[in-house]
Amino acid sequence: MPEQVPAAGAPTGPSSAPAPLGPVVLRFSALPEHVRIARLVTTSLARRAGLAGSDVEGVRLAVGEACGRAVQRSESAGTAEMVELTATTGGGGMVVEVVDHAGDDGVETEELAVLLMEGLADEVSVTAGPGGPGGTTRLSWSAPPA
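What this report covers is the structure whose coordinates are included nearby. (Residues numbered from 1 in each chain as written. Predicted model: local features only at pLDDT ≥ 70, side-chain atom pairs only at ≥ 80, totals over all residues. Heavy atoms only, no water.)

1. Observations concerning the overall build of the chain
- When its secondary structure is counted, the chain shows three helices and five strands.
- For the chain, the N- to C-terminal ordering of α and β elements is β-α-α-β-β-α-β-β.
- Relative to its 146 residues, the chain shows a buried fraction of 34%.
- The long-range share in the chain, meaning contacts at least 24 apart out of those at least 6 apart in sequence, stands at 66%. (Helix = DSSP H or I, 4+ residues; strand = E, 2+ residues; numbered from the N terminus. Buried < 20%, exposed > 50% of the residue type's maximum accessible area, 1.4 Å probe, protein only. Contact = heavy atoms within 4.5 Å.)

2. Brief notes about the packing of helix α1 (residues 35-48) against helix α2 (residues 53-77)
- Between α1 and α2, whose axes approach to 9 Å, the crossing angle comes to 150 degrees. Considering the angle they form, α1 stands roughly antiparallel to α2. At the point where α1 passes α2, the crossing takes the right-handed sense. Residue-level inspection shows V35, A38, R39, T42, T43, A46 and R47 of α1 in contact with α2, the latter providing V56, V59, R60, V63, G64, C67, G68 and V71.
- Its residues placed into classes, the contact of α1 with α2 shows eight nonpolar, four polar and three charged. (Axes fitted to C-alpha atoms, helices over the stretch in contact; angles between N-to-C directions. Parallel < 35°, antiparallel > 145°, perpendicular 65-115°, else oblique. Left-handed = near helix turned anticlockwise from the far one by under 90°. Nonpolar A, V, L, I, M, F, W, Y, C, P; charged D, E, K, R; others polar.)

3. As for the pattern of salt bridges
- Considering all chains together, one arrives at three salt bridges under this definition.
- Across the pair R73 and D100 runs a salt bridge, and its minimum N-O distance is 2.6 Å. Note that R73 is positioned in helix α2 and D100 in strand β3 (residues 93-100), a separation of 27 residues in sequence. Residue R73 shares its accessibility class with D100, and that shared class is buried. (Salt bridge = Lys/Arg side-chain N within 4 Å of Asp/Glu carboxyl O.)

4. Observations regarding the packing of α2 against helix α3 (residues 111-120)
- At their nearest, the axes of α2 and α3 sit 9 Å apart, and the two run at 155 degrees to each other. In terms of orientation, α2 lies roughly antiparallel with respect to α3. In the crossing of α2 with α3, the sense of the turn from one axis to the other is left-handed. Taking contact as the criterion, the partners of G58, L61, A62, E65, A66 and R69 in α2 are, on α3, A113, L116, M117 and L120.
- Within the contact of α2 with α3, the residues separate by chemical class into seven nonpolar, one polar and two charged.

5. Some remarks on α3
- Inspection of α3 places A113, V114 and M117 among the buried residues, and these make up the whole buried set. All buried residues of α3 lie within an arc of 95 degrees about the axis, which places them on one face of the element. Along α3, the residues that are exposed and aim more than 90 degrees away from the buried face are E111, L112, L115 and G119.
- Its buried side turned inward, α3 meets α2, β4 (123-129) and β5 (132-142). (Arc of directions from axis to C-beta.)

It is worth stressing that arrangement in space is one thing and function is another; only the former is reported here.
So this is what it looks like as structure tokens:
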């Protein structure tokens, strides 16, 4: 009888938590049309990480806001720098970090975007990055208990 091999990403041990995925790193030009790709990639990872349906939708929306904000910062600074997204799953959740390299052009953190992200993610932090103040946005979600 042939040996059955579990599907990629399927649980293999006594724990029902999916195997960690990532980190997945996506670098893209600071263009609005590339934000959709970032949302698609992170939504897929959130599903594979075992996040609840409402959290998967939260990942899609929050990542869209974070990446859109990074693109807007780059446009305001007049730079064509790349935006870098790093997504990691494991340990019962998911972490997404979006970094822009826009430079410190005086763009303040957009309160509405941050408030929306805070309503969608378990934890949100906006800190200095290579692009100066507000250049790094970190979002995290916890997987529901098994």
